[in-house]
Structure formats: structure tokens, C-alpha cells
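An overview of the molecular structure
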Amino acid sequence: MGGVVSGILIVSAVIAVGYLAARFRILGSEVQGALTRTAFYITNPALLYTVVAGSDIRAALGTDAPLALLSAAAVGLLYWLLSFLFFRRPAAETAVGAMASSYANANNIGIPVSLYAVGTAQHVAPVLLVQLLVLAPFYLTLLGVSSGARISWKKVLLQPLSNPMIIASALGVFVALTGWQEPELLQKPIDMLAGGAVPMVLLAFGLSLAGRAPLQKDDGRTETLVATFLKIAGMPVIVWLLGRFVFGLEGQHLLASVIMAALPTAQNVFLFASPYGRGTTVARDVILCTTILCAGALLAVAWLVQ
């Protein structure tokens, strides 16, 4: 447990540096955008490629991907049921809330947390692939249909293929399955770029936390609290139950899977909701609340699962 706690504290410290830099106006919002874009298009794909290329991809896809899909479906359905019984919100807003309760920040936060907490980020790729290849097209389709927008099926199907994380993961899978060894002149620059991914992402994340006030009255507060609880507490419990009793996981593998489930909601949820103008406040607030609470949730996971 000590290694997990140390890893979480290290990650939290770097996030705090970014937050303080924003609060004291050392770095502005334009820096956050630049760091986020650099991480998304360059350094995180480099890190994800190196991790996937060096992992046992058959074992990861055989357990982690089905576990990620089943747990996300279970949490999403639970939110839909609660919405139907209590919130009575329109379908589009309910879809955003369900996505916010089950769509983890596997990229920006999952990679550094997994890397420092359990010593490897190989469990990130299957979760990321499930979210981008299955969950994102599914929820985008729901949002489009329930909002009355015209659906471009070609755009929905091709959207994951334009994502640098998917491209990097696919290349990593190819290398892992074929055993191909990259020339040193190619691998060294990739390793250098990958080395900048973690601090860049955590600093940008810390910058994003400054100056926001969630849970305003009459602004989807109940839906936000329910989605936050499901993401931070409900999803880790469901993953633990499925992982332990359905997939037979234990030890570090089980811990890594539950840690992935306890990650905060991904910013992609807000990006997906914004073009439709539906559920954006709930998406924004759930992202912020789960981000604030995730350090405590991760520490609880480390204490309970170890």
C-alpha cells in the first residue's frame, strides 16, 4: 500500500503546483490550453505507445477491456434508472449524466496515476480503447438522436480513428503482437517525448482547477451529486465485484483495475455535450467534483483493496 500512497501523493503534489501557479497568476489559461494540446497530440501518444508496445496485450484485452465495458455499462444503466425514477430529466441530459458517471479520465490522469501507483500504465490502454471505440460513439449517437440533430454515421464511425491516442495504441498493439524492435534512432526520441507526458498533463490539470465554483443552486445539483457519487464510489465497487468474482483478478491487477475505476470524469464528457448545448453544466461540475475527490478515493482504494 505504501507504494500506491506515495504515487498518489506525488501526483497530487504536481497537480497542486499547477493549481498554485494559476492562483498566483504565474501561469495563465493560455498555458493550460497549450499544455493540454501538446499532451494530447504529442507526449501522451508517445507514452501510450511505449507502454502498450511493451505490455502483454493479449492478457490486457482479455480481461481489462471486457471489465471496463461491463462496469461502464452497469454504472450508466444505474444512472439512467435513477434519472427515470427521480430526476425525470430529458433523454439528452440523462445521457450526459450517465456518461459523466462512467467515463474515466484514463488519459490525462489515468496514465500518471497508474504509472506511479502500481508501476505500470498497461491497464490504461484497454480502458481508453473501450471508451473511445464503444462508449463515445454510443453516447454521441444518443445525444444526436435525442437532441434532434442530424447524425453523420460516417463521422461517428471514423471519429476514433482521428484520435492520436487510438493511433498510438494501435501502433503499440502491432509492435506488442509482432515483437518488432524499433531502431534506436526512432525509439530514443519517442522515449524523450514520453518522459514529458506525466508532468505536463498534471500541471495542466492543476491549472484547470482554479477559479471554478460548482454546484450552483437550481443548476442540476442533484444530478451532479449522484453522478459524482457513482463515478467516485459506485464504479470502483462494481469493478471490484466484477474483477474479483467474475474475472478472478487479484493482487496488483485487481488494484490497478479498481484504481482506473476511481479516476475522475474525463473532460471529453463536457466536449461531447457542448455542441448540443445539453447537460453541459452537469458535465462541467461532475468533472470538477470528481477531480477534487479522486485523491481521497484513490487513497481509500489503496487501503481497502491491498
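What counts, and at which threshold
Residues numbered from 1 in each chain as written. Predicted model: local features only at pLDDT ≥ 70, side-chain atom pairs only at ≥ 80, totals over all residues. Heavy atoms only, no water. Helix = DSSP H or I, 4+ residues; strand = E, 2+ residues; numbered from the N terminus. Buried < 20%, exposed > 50% of the residue type's maximum accessible area, 1.4 Å probe, protein only. Contact = heavy atoms within 4.5 Å. Areas by Shrake-Rupley, 256 points an atom, 1.4 Å probe, with all protein chains shown as cover. Patch = residues over 30% accessible without salt bridge, like charges linked within 9 Å, V, L, I, M, F, W, Y side chains within 5 Å. Salt bridge = Lys/Arg side-chain N within 4 Å of Asp/Glu carboxyl O. Axes fitted to C-alpha atoms, helices over the stretch in contact; angles between N-to-C directions. Parallel < 35°, antiparallel > 145°, perpendicular 65-115°, else oblique. Left-handed = near helix turned anticlockwise from the far one by under 90°. Nonpolar A, V, L, I, M, F, W, Y, C, P; charged D, E, K, R; others polar. Phe/Tyr/Trp six-rings, centres within 6.5 Å; stacked < 30°, edge-to-face > 60°. Lys NZ or Arg CZ within 6 Å of the ring centre and 35° of its normal. Lys, Arg positive; Asp, Glu negative; His and termini not counted. Polar contact = N/O pair within 3.5 Å; in protein donor to acceptor, adjacent residues only side chain to side chain. Expected span 1.5 Å × (residues − 1). Bend = angle between axes of the 7 residues up to and from the residue. Core = buried A, V, L, I, M, F, W, Y, C linked by side-chain atoms within 4.5 Å.

1. Some words on the overall build of the protein chain
Scanning the protein chain for helices and strands turns up 14 helices and zero strands. Classification of the 306 residues of the protein chain by burial places 50% in the buried group. Across the protein chain, contacts joining residues at least 24 apart in sequence account for 84% of those joining residues at least 6 apart. For the protein chain, the accessible area works out to roughly 14200 Å², and carbon and sulfur atoms hold 67% of it.

2. Considerations on a nonpolar patch on the surface
A cluster of nonpolar residues, Y19, L20, F24, I26 and L27, forms a patch on the protein surface that exposes about 500 Å² of accessible area. Its place among the elements puts F24 in the loop between α1 (2-23) and α2 (29-53).

3. Quick notes on the packing of helix α5 (residues 110-118) against helix α12 (residues 251-261)
Two elements in contact, α5 and α12, have axes separated by 10 Å at closest approach and are oriented at 150 degrees. As summarised for this structure, α5 and α12 are arranged roughly antiparallel, according to the angle between their axes. For α5 against α12, the interelement crossing comes out right-handed. Residues G110, V113, S114, A117 and V118 of α5 touch α12, and the partners they reach there are Q252, L255, A256, I259 and M260. Split into classes, the residues belonging to the contact of α5 with α12 amount to seven nonpolar, three polar and no charged.

4. Thoughts on α5
Most of α5 is tucked away: seven of the nine residues are buried. For α5, the set of buried residues is G110, I111, P112, V113, S114, A117 and V118. Once α5 ends, the next one or two residues include G119, with phi positive near 85 degrees.

5. With respect to the packing of aromatic side chains
In the structure shown here, the tally under the stated rule is three aromatic pairs. Centroid distance Y79 to F87: 5.8 Å. Interplanar angle 50 degrees. Geometry classified as tilted. Positioned above the aromatic ring of F245 is the side chain of R244, whose terminal nitrogen or guanidinium carbon lies 5.8 Å from the ring centre.

6. Quick notes on the side chain of K231
With respect to the helices, strands and loops of the structure, K231 is situated in helix α11 (residues 221-245). The charged side chain of K231 is buried without a salt bridge, its nearest counter-charge being D64 at 15 Å. There is a polar contact of 2.5 Å between the side chain of K231 and the backbone oxygen of A261.

7. Overview of the packing of α12 against helix α14 (residues 280-305)
Geometrically, a packed helix pair is captured by the angle between its two axes and the distance between the axes. For the pair α12 and α14, the least separation of the axes is 10 Å and the interaxial angle reads 155 degrees. On the basis of the axis angle, α12 is roughly antiparallel to α14. Considering the relative orientation of α12 and α14, their crossing is right-handed. Along its contact with α12, which presents L254, L255, V258 and I259, the element α14 presents L298, V301, A302 and V305. Tallied by class, residues from the contact of α12 with α14 come to eight nonpolar, no polar and no charged.

8. Focus on α11
Look at α11: 35 Å from first C-alpha to last across 25 residues, which is about the 36 Å you get at 1.5 Å a residue. At L230, α11 is bent by approximately 40 degrees, the largest bend along its length.

9. Section: the environment of P236
Along the chain, P236 falls in helix α11. Accessibility expressed as a relative area gives 7% for P236, which makes it buried. Taking the C-alpha atoms as reference, P236 lies 10.0 Å from L255; in sequence the two are 19 residues apart. Filtering out sequence-adjacent residues up to four positions away, P236 remains in contact with L230, K231, V258, A261 and A262.

10. Describing the nonpolar core
Grouped together as the largest cluster of nonpolar side chains are 85 residues, with contacts concentrated most on L48, Y103, V113 and I259. For this core, the leading source of residues is helix α6 (residues 124-147), giving 12 residues. Apart from residues no more than four positions distant in its own chain, L48 is found in contact with I111, V124, A125, L128, M165 and S169. Judged by nonpolar contacts, the second largest core, of eight residues, contains A21, L35, A39 and V201.

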